[in-house]
Amino acid sequence: MHKEFRAHHIICTSLYEGKGYSGAFCENMTRIVSALREDPNQRLVLVAKPDMICANCPNQTSKATCSHNANQVVEKDRRVMERFDLKENEEYSYRELCRHALEHMNHEVFMEFCGKCDWRAQGLCRYEDLLAQLASCVNQNRPSS
């Protein structure tokens, strides 16, 4: 069984600090993020549709769309894939996803994807923290040169 993973969740999981839409959402997100951080070599299939994180999101509709911003999140996922040079429905390790994001991330890209996000507006997400978390994922348990 493969685990599906939304493209924009590369950013969200890197910056996640235990806050979210609801208790059930946070429990699920915390479990997933903890597992990814513990083992960044986990294989994930990149998608532009609801994934394992969306399972407990109160914005997910019965038709597997997002009620927030008229389901524009699908286009956001596809823009993330394009910017990070990733392919939809391809399998990557979480570490590979973080590496792609780190290689292509700059402040302009961060603002493109996170500029209007409610979580950033609340002060929960910062560009500098994203770079640090992506680098930590890429370099975790790597021998020093």
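Use the structure listed above.
Structural notes, computed from the coordinates. (Residues numbered from 1 in each chain as written. Predicted model: local features only at pLDDT ≥ 70, side-chain atom pairs only at ≥ 80, totals over all residues. Heavy atoms only, no water.)

### Observations regarding the packing of aromatic side chains
Applying the stated criterion to the full structure yields 3 aromatic pairs. With a centroid separation of 6.2 Å and 80° between ring planes, the pair formed by phenylalanine 84 and phenylalanine 113 is classed as edge-to-face. Taken together, the residues span a long stretch of sequence, with phenylalanine 84 in the loop between α3 (73-83) and β3 (91-93) and phenylalanine 113 in helix α5 (residues 107-114) at a distance of 29 residues. By relative accessible area, phenylalanine 113 is classed as buried at 3%. (Phe/Tyr/Trp six-rings, centres within 6.5 Å; stacked < 30°, edge-to-face > 60°. Helix = DSSP H or I, 4+ residues; strand = E, 2+ residues; numbered from the N terminus. Buried < 20%, exposed > 50% of the residue type's maximum accessible area, 1.4 Å probe, protein only.)

### Details of the packing of helix α4 (residues 94-104) against helix α7 (residues 127-139)
α7 packs onto α4 with a crossing angle of 135° between their chain directions and a minimal axis gap of 8 Å. If you check the angle between α4 and α7, you find them oblique. Where α4 crosses over α7, the handedness of that crossing is left-handed. Every residue of α7 that contacts α4 at Tyr94, Arg95, Cys98, Arg99, Ala101 and Leu102 is listed here: Leu131, Leu134, Ala135, Cys137, Val138 and Asn139. The class makeup of the residues in the contact of α4 with α7 is 9 nonpolar, 1 polar and 2 charged. (Axes fitted to C-alpha atoms, helices over the stretch in contact; angles between N-to-C directions. Parallel < 35°, antiparallel > 145°, perpendicular 65-115°, else oblique. Left-handed = near helix turned anticlockwise from the far one by under 90°. Contact = heavy atoms within 4.5 Å. Nonpolar A, V, L, I, M, F, W, Y, C, P; charged D, E, K, R; others polar.)

### As for the layout of surface pockets
Approximately 980 Å³ is the volume attributed to the largest pocket. If you trace the largest pocket, you find 37 residues lining it, with His8, Tyr21, Lys76, Cys117 and Trp119 closest to the centre. Those elements giving two or more residues to the lining of the largest pocket turn out to be α1 (9-15), α2 (23-38), α3, α5 and α6 (118-121). Of the residues contributing to the lining of the largest pocket, the split by class is 19 nonpolar, 9 polar and 9 charged. (1 Å grid on protein atoms, 1.4 Å probe; cavity = no way out; pocket = protein on both sides within 12 Å on 5 of 7 lines; lining within 4 Å. Points joined across faces, edges and corners; volume = space filled by probe spheres on them.)

### Here we look at the pairing of strand β2 (residues 43-47)
The two faces of a sheet get side chains in turn, since along a regular strand they alternate between them. The buried fraction of β2 amounts to 4 of the 5 residues, a majority that puts the element mostly inside the structure. Sheet topology note: the strand β1 (residues 3-6)/β2 ladder contains 4 bridges and is parallel. The residue bridging arginine 6 from the neighbouring strand is valine 47, located in β2. (Pairing = 2+ DSSP bridges.)

Nothing here speaks to function; it is geometry throughout.
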